[in-house]
Structures are given as C-alpha cells and as structure tokens.
Amino acid sequence: MLIEIPAAEGTAEAIVSRPSSGEGPFPGVILYMDAFGLRPRIEEMAQRVADWGYVVLAPNAFYREGTAAELAPVMDMTTPEGRAAAGKAAFPRVGSLTTDKALPDIDAWVKALGTLDGVAPGPIGAFGYCMGARLAVRTAIAHPEAVAACGGFHGGGLASDAADSPHLGLGTARARFVFGHADHDKSMDPDAVARLGAALDDAGLEASNEIYAGAPHGYSMADTSMFHAEATERHFSELRALLDGTLKG
C-alpha cells in the first residue's frame, strides 16, 4: 500500500509492505530505492522481504522532485536504450539529493517506521540499492542506537574521496553490514571496495563486503537491462540472513 508521511520538506509517499501471513508485531525495516524510484519492481522486492516476517517502509526519497507516479519511468527499461533514456531524467535526481537534504529525511523515515501499526519495538534494519545503499549506510551512522542491520547492493559512492563519503562515518555505527557490489562497477571500483572494507575493519564492525562476479550495476532490478538473476537471488539470501540474524535473535 502507498501512504503519505511527513518528511523534512513536505509530504512524502512511501510503500508499506506487511507479511502475507503470521501475527505481529514484526521488526521494521527501511528499503531505499534506486535512482528509478518507487515502482512495481520496488513494491515486489518490498513484499518479498515483508513475507520473511517484516514490516517494510520504502520512502520516495525524491519527493521534492514529484510524486512516485510522476517520477516513475514510462519507457521499457529492459533494453539498454530504454534504461539509458530513463536515466536521463532519473540520474540527475541522485546528485540533487545531497547529504544535507538526506540526513533530515532519514530522521523522518526512521520516525515514520516506528509509528506504523504492527512494528515491533526494538532494533530496525535499513538496506538499499544503487544510491539507496548510501542512504542505508547514512541511516546506520545517524541512528546507531536503532539500526542493527544494514545492507547495500550494487551501491555507488560508498567510499569515495568526497568529504562526506559514507565510509568516513562508520566509526559511530553499531550495525552488522552486508554489501554485495557489482562487478566492474565504475561507481564502486575494487579500490573503493577495499577502502570500504578497511573502514569497516577500523570501526570494528561485523561485515561482509563482497563483489558479485559477473553481476552488473543494477543487477537486482528485474525491470531493467542490468538484471542478473543469480546475483539477485544471492543478494536476497544474504539480506535475509542479515535481517533474521540481527532482528529476530
């Protein structure tokens, strides 16, 4: 279902997915979308995670730019040409979501998750895709007392030279981390993966920081030309182990 929640600079839509069966309350998790926004694929992924026994909140991180329907791709992204055409509109939005905008939004998402019916008190999880991986890491850093599990998949810019690179704040996090990087990804090359791994080690965090061989950037998005079925199933398996191991213990 799509709900509206108060965000830092207005009202944001969010997908809320609940388990298809079972009695709550259930642990709460935040799913951060990729650059192409809230759409059926994100809803499918949210429901799959929900059916493991979680309440999933997937906010429209680009609410300043428009509603989910207004921003949703209208072309077929299963071809490289279609994905590139959708990217002309979507990718600039990523740059516009600066850290100073993202952080107060993150506070709003965490607060909203805690107000949803059926969400159990206690630790939460955060995970994301592409640019959403950065938001998930920033959530774990900004709310170390709340976030026990953090996942990032085919993420970009997680350990860059920028002054506000997410890896620089890992010293305050307490979560367990799982990263599934895309192979040959210009936005997260092997040097950046190593830099992220070193930051995780320096912070004393329990983490998996793996490159999925042969998996392109965007591998989990079945509605795009980058979809890689094997890597997608691996990420779901590792994500479930992360969430179940931290939020259901």
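In what follows, the structure referred to is the one given above.
Residues numbered from 1 in each chain as written. Predicted model: local features only at pLDDT ≥ 70, side-chain atom pairs only at ≥ 80, totals over all residues. Heavy atoms only, no water.

A. Examining the environment of Ala162 more closely. Considering the arrangement of structural elements, one finds Ala162 in the loop between strand S6 (147-153) and strand S7 (176-182). Along the primary structure Ala162 and Gly197 are separated by 35 residues, whereas in three dimensions their C-alpha atoms are 17 Å apart. (Helix = DSSP H or I, 4+ residues; strand = E, 2+ residues; numbered from the N terminus.)

B. Just the pattern of salt bridges, in detail. Enumeration over the complete set of coordinates arrives at 10 salt bridges. A salt bridge links Arg64 to Glu9, with the shortest nitrogen-to-oxygen separation between them at 3.1 Å. A residue pair is termed long-range when its members are at least 10 positions apart, and Arg64 in the loop between strand S4 (55-59) and helix H2 (68-71) and Glu9 in the loop between strand S1 (2-7) and strand S2 (10-17) qualify at 55 residues. The exposure class of Arg64 is partly exposed, given its relative accessible area of 26%. For Asp223, the salt bridge is made with Arg39, and the minimal N-O distance between the two is 2.6 Å. (Salt bridge = Lys/Arg side-chain N within 4 Å of Asp/Glu carboxyl O. Buried < 20%, exposed > 50% of the residue type's maximum accessible area, 1.4 Å probe, protein only.)

C. Representation of the state of the cysteines. One pass over the full model with this rule turns up zero disulfides. Cys130 carries a free sulfur, and the closest cysteine sulfur to it, the one in Cys150, is 15 Å from it. Since its relative accessible area comes to 9%, Cys130 is described here as buried. (Disulfide = S-S within 2.5 Å.)

D. Structural context of the pairing of S2. With six of eight residues buried, S2 lies mostly within the body of the structure. Pairing between S1 and S2: six bridges, direction antiparallel. Residue pairing across strands places Ile5 opposite Ala12, the latter belonging to S2. Connecting the antiparallel pair S1 and S2 is a turn made up of two residues. Across four bridges, the pairing between S2 and S4 is antiparallel. (Pairing = 2+ DSSP bridges.)

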